Amino acid sequence: MKLWLVRHAEVDLPAGICYGQSDVPARMDATRRAAARLARELPHGATLRVSTLQRCELLAQELRALRPDLALKPDASLREMDFGAWEGERWSAIPRAEFDAWLADFAHVRPGGGECVAELMARVATAWDAWQRRRRDAVWITHAGVVRAVRLLERGVRLPTAAGDWPAEPLAFGTAWVIER
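Residues numbered from 1 in each chain as written. Predicted model: local features only at pLDDT ≥ 70, side-chain atom pairs only at ≥ 80, totals over all residues. Heavy atoms only, no water.

Interhelical geometry of helix α1 (residues 28–41) versus helix α2 (residues 54–66) gives an angle of 50 degrees and a closest axis separation of 9 Å. Taken together, the axes of α1 and α2 are oblique relative to one another. Two packed elements cross with a definite hand, and for α1 against α2 that hand is right-handed. Here α1 contributes M28, T31, R32, A34, A35, A36, L38 and A39 to the contact with α2, which in turn contributes L58, L59, E62, L63 and L66. When grouped by side-chain class, the residues that make up the contact of α1 with α2 number 10 nonpolar, 1 polar and 2 charged. (Axes fitted to C-alpha atoms, helices over the stretch in contact; angles between N-to-C directions. Helix = DSSP H or I, 4+ residues; strand = E, 2+ residues; numbered from the N terminus. Parallel < 35°, antiparallel > 145°, perpendicular 65-115°, else oblique. Left-handed = near helix turned anticlockwise from the far one by under 90°. Contact = heavy atoms within 4.5 Å. Nonpolar A, V, L, I, M, F, W, Y, C, P; charged D, E, K, R; others polar.)

Below you can see the structure in the form of C-alpha cells.
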C-alpha cells in the first residue's frame, strides 16, 4: 500500500514568514500547475484526505476539477503546526531567547505559545496509524511539518528527542512524496 504526501502550493506571502496554522491562501497559478502535475500521478479513485486550511483545500478542489474520480475528505489532523504568537512574524524577528528555549526542549516547548512538537506528532501519528490499519492507498494534502512528522513515523520515531532529529530536507511546494509499506 502507498501513501502519497502532497504539500500545498506556494503561499501568497513574502519569504521568511512563519505562517503555520494561519489560514493563508496559496498562489492560484502555482496551485493550478501543481494540480495539473499531480492529476497525472495520483491513483484512480483515491480519497484525498485534506488539511482544513485553505491552501490545501484549494489544491484539492483544483485536483478534483481535473480528476472527478477523486473524493475529498477534510481532516483537521493534517493541519500544520500552530506557532501561536509567532504566526505572521518574520522568522528572523522572533526573539533569539524564545527560539533557543524551543530548541532546548524541542518536543515540549510551545513555540509562540502554540502547539508543541509532541502534540503535532501525536495527532499525525493517529492519522498514520489509521492509514496503516486500513491497508489501502491514500493521498494526504498537507503541510511540510506534517510530511516531516510522517518521515519520522516511517522510521519508527514517535517523538524526536532533539531539534537535530527533525528532518531538514527541503520539501518543494506542490510536490508528492510516496511511502510504500
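It is worth spelling out the pairing of strand β2 (residues 47–50) at this point. Sheet topology places β2 next to strand β3 (residues 71–74); 4 bridges connect them, and they run parallel. By the bridge assignment for β3, L48 is matched with L72. Each parallel crossover has a hand, and the one from β2 via α2 to β3 is right-handed. The sheet contact formed by β2 and strand β4 (residues 138–142) spans 3 bridges and is parallel. For L48, the partnering residue across the bridge sits in β4 and is V139. (Pairing = 2+ DSSP bridges. Right-handed = clockwise from strand over helix to strand, strands pointing away.)

Quick look at the pattern of salt bridges now. One pass over the structure, following the stated rule, counts 10 salt bridges. For E115, the salt bridge goes to R123, with nearest N and O atoms at 2.9 Å. What makes R123 buried here is its relative accessible area of 16%. Ionic contacts of the salt-bridge type, sharing partners, join the residues R27, D29 and R33 into one network. (Salt bridge = Lys/Arg side-chain N within 4 Å of Asp/Glu carboxyl O. Buried < 20%, exposed > 50% of the residue type's maximum accessible area, 1.4 Å probe, protein only.)

Here we take up the packing of helix α4 (residues 117–134) against helix α5 (residues 144–154). Orientation of α4 relative to α5, taken along the N-to-C sense of each, is 70 degrees, at an axis distance of 10 Å. On the basis of their axis angle, the class for α4 and α5 is roughly perpendicular. In the packing of α4 onto α5, the handedness of the crossing is right-handed. For the pair α4 and α5, the contacting residues are L120, M121, V124, A125 and W128 in the first and G145, V146, A149, V150, L152, L153 and E154 in the second. Its residues placed into classes, the contact of α4 with α5 shows 10 nonpolar, 1 polar and 1 charged.

Moving on, we get to the sheet that holds β2. Sheet architecture is open: 5 strands sit in the order β3-β2-β4-β1-β5, paired in mixed fashion. Among the strands making up the open sheet, the edge pair consists of β3 and β5 (176–180). Neighbour-to-neighbour, the strand axes of this sheet turn through a mean angle of 25 degrees, independent of strand direction.

Another point: the packing of aromatic side chains. Given two aromatic rings, their pairing is described by the distance between the two centres and the angle made by the two planes. This structure, assessed with the given rule, holds 11 aromatic pairs. Ring centres of F83 and W86 lie 6.5 Å apart, and the angle between their planes is 10 degrees; this geometry places the pair in the stacked category. Using a relative accessible area of 4% as the deciding quantity, one classes W86 as buried. Relative to W166, the ring of F106 lies with its centre 5.8 Å away and its plane at 65 degrees, an arrangement referred to as edge-to-face. Separated by 60 residues along the polypeptide, F106 in the loop between α3 (96–104) and α4 and W166 in the loop between α5 and β5 bring together distant segments of the chain. By relative accessible area, which is 18% here, W166 ends up buried. A connected cluster of aromatic rings, assembled from ring pairs, spans F83, W86, W91, F99, W102, F106 and W166. Positioned over the ring face of F173 is R7, at 3.8 Å from the centre of the ring. (Phe/Tyr/Trp six-rings, centres within 6.5 Å; stacked < 30°, edge-to-face > 60°. Lys NZ or Arg CZ within 6 Å of the ring centre and 35° of its normal.)

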